[in-house]
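# What the coordinates show
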Amino acid sequence: MSLPIGLAKGVAVRNLLVLFAVPLLLANAAAPGAPGNDPVPIPAAIRSMLDAAIQSGNDGDVSVVVKYARLADPASADAVLAIAQKWRSDRATARNEKIKQARVFDLWTGKAELGGYLTTGNTKSAGGSAVLDLVREGLRWRHKFHAQADYQENDNITNREHYLASYEPNLKIDDRLYIYGSAQYESDRFLGYFDRYSASTGFGYSAIKSPAIRLDVELGPAYRYTSFTDDTIQSNVAARGSAVFSWKILPGLSVTENANGYFQSANSTLSSTTAVIAKLIGPLSASLSYNLQYESEPPVGSVSTDTATRASLVYSF
């Protein structure tokens, strides 16, 4: 699988920096520094490479240059580090100012996922799934929106119809801890309910937060109202827990896991979606996912566990 042009360039630049930075910098360590206000003159070769890395806007490239520049010329190490830190500080300030000036419909990012199939001949079947995820990251608030629809029929008989929509605001307490709110609507008559409304609030914590791995966990009380297909209605207080995990295994290849559960004296629910996502080209990726949903006490005639496997295209924006 070929890498996108932009990503391939970034990898190539980083590899060249690692392979050639040290000998090049050692060879030019005695060269006169570029004019400026640096406390200690920075060798011309080092300053050129640092400027190029900063110009690229890639923090990883800047870190590589700083690392090897400090080894090659310890005398200018503090000056090199100061330039890199100022660049990061200026960029963070500009980003914060942009967020402050943003309007309500600005700063949204997300992905749209679409998959489906159609067969004819001895068996006529059709199915499709659509997923939309949106995130708005602010200074104090984070907003998350999720919508999903699954539909499947065989020989003109519907055998799967699942709809879900949720909205979750997060109030950030610090870099890891936050207060969440959650409102969710579901409908799945094959799992035994026409409508289900859920509301919850509690605390969330980013247990792992790194460029490659992230794990967010949430826990709090909830309230659920469910209209079942056997004409019964349940209104219960529950406990809600969730875990969202993502792991960038390789550039362009990642694994995600999104699990949540509502636990109560009556019918409890567990849901899990595991996905492998491979980048194709530009904003397009391919996704293979497996979803499992479990109801502890479904109505008579409905099974307790429902699963779905999806292969789809993902557009990130």
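Numbers given to residues run from 1 along each chain, matching the order in which its sequence is written. Reporting in this predicted model follows two pLDDT cut-offs: at least 70 for local features of residues, and 80 or more for side-chain atom pairs to be given and counted; totals over whole chains, interfaces and linings ignore these cut-offs and use all residues. Side-chain measures here rest on the full set of heavy atoms in the structure, leaving out hydrogens and waters.

### Thoughts on a nonpolar patch on the surface
Spelled out, the test is: For patches, a residue must show more than 30% relative accessible area and have no salt bridge; joins then use 9 Å for like charges and 5 Å for nonpolar side chains, namely Val, Leu, Ile, Met, Phe, Trp and Tyr. In short, Shrake-Rupley with a 1.4 Å probe defines the accessible areas, and a residue's cover is counted only from the protein chains shown. In what follows, salt bridge is the name for a side-chain nitrogen of Lys or Arg lying within 4 Å of a carboxyl oxygen of Asp or Glu. Under the DSSP-based scheme used, a helix requires at least four consecutive residues in state H or I and a strand at least two consecutive residues in state E, with every element numbered from the N terminus. Under the scheme applied here, a residue whose accessible area is under 20% of the maximum for its type counts as buried, over 50% as exposed, and between as partly exposed, the area being computed with a 1.4 Å probe on protein chains only.
Together, Leu-280, Ile-281, Leu-284, Leu-313, Tyr-315 and Phe-317 make up a nonpolar patch on the protein surface, roughly 560 Å² of accessible area in all. Mapped by element, the contributors of at least two residues to the nonpolar patch are strand E10 (269–281) and strand E12 (305–316). Within the element layout of this structure, Ile-281 appears in strand E10. Ile-281 sits in the exposed class, given a relative accessible area of 59%.

### Some words on helix H2 (residues 44–56)
The criterion, for reference: To estimate how far a helix should extend, the number of its residues minus one is multiplied by 1.5 Å.
Taking 1.5 Å per residue, 13 residues should reach 18 Å; H2 reaches 18 Å between its end C-alpha atoms and fits that length. Among the residues of H2, those classed as buried are Ala-45, Ile-46, Arg-47, Met-49, Leu-50, Ala-53 and Ile-54. Looking one or two places after H2, you find Gly-57, whose phi comes out positive at around 75°.

### Some words on the layout of surface pockets
The following threshold applies: Lining residues are those with an atom within 4 Å of a point, where the points come from a 1 Å grid over the protein atoms alone and group into cavities, where a 1.4 Å probe fits but cannot get out, or pockets, open sets with protein on both sides within 12 Å along at least five of seven lines. Grid points are joined across faces, edges and corners, and a volume is the space filled by probe spheres set on the points.
One number sums up the size of the second largest pocket: a volume of about 360 Å³. Together, 20 residues line the second largest pocket, and Tyr-117, Gln-152, Arg-160, Ala-308 and Thr-309 are the ones closest to its centre. Broken down by element, the residue count for the lining of the second largest pocket peaks at six residues, all from E12.

### Details of the packing of H2 against helix H3 (residues 59–72)
Our working definition: Fitted lines through C-alpha atoms give the axes, limited to the stretch in contact for helices. The angle between two N-to-C directions lies from 0 to 180 degrees. Note on terminology: angles under 35 degrees are roughly parallel, angles over 145 are roughly antiparallel, angles of 65 to 115 are roughly perpendicular, and the others are oblique. Two helices cross in a left-handed way if the nearer one is turned anticlockwise from the farther one by less than a right angle. They cross in a right-handed way if the turn is clockwise. Between two residues, a contact is recorded if the distance between any of their heavy atoms is within 4.5 Å.
Their axes nearest at 8 Å, the elements H2 and H3 cross at an angle of 165°. When the axes of H2 and H3 are compared, the pair comes out roughly antiparallel. The handedness of the crossing between H2 and H3 is left-handed. In contact with Ile-46, Met-49, Leu-50, Ala-53, Ile-54 and Ser-56 of H2, H3 contributes Asp-61, Val-62, Val-65, Val-66 and Ala-69.

### Topic: the side chain of Asn-170
Put simply, the rule reads: Polar contacts, as counted here, are pairs of nitrogen or oxygen atoms within 3.5 Å of one another; within protein the pair requires one atom able to donate a hydrogen and one able to accept it, and residues that are adjacent in sequence qualify only if both atoms are side-chain atoms.
Tracing the chain through its elements places Asn-170 in strand E4 (residues 157–172). Residue Asn-170 is classed as buried on the basis of its relative accessible area of 0%. In this structure the side chain of Asn-170 is engaged in a polar contact, spanning 3.0 Å, whose partner is the side chain of Glu-168. For Asn-170, the residues in contact, after removing those within four places along its chain, are Arg-140, Trp-141, Arg-142, Lys-144, Tyr-178, Ile-179, Tyr-180 and Glu-218.

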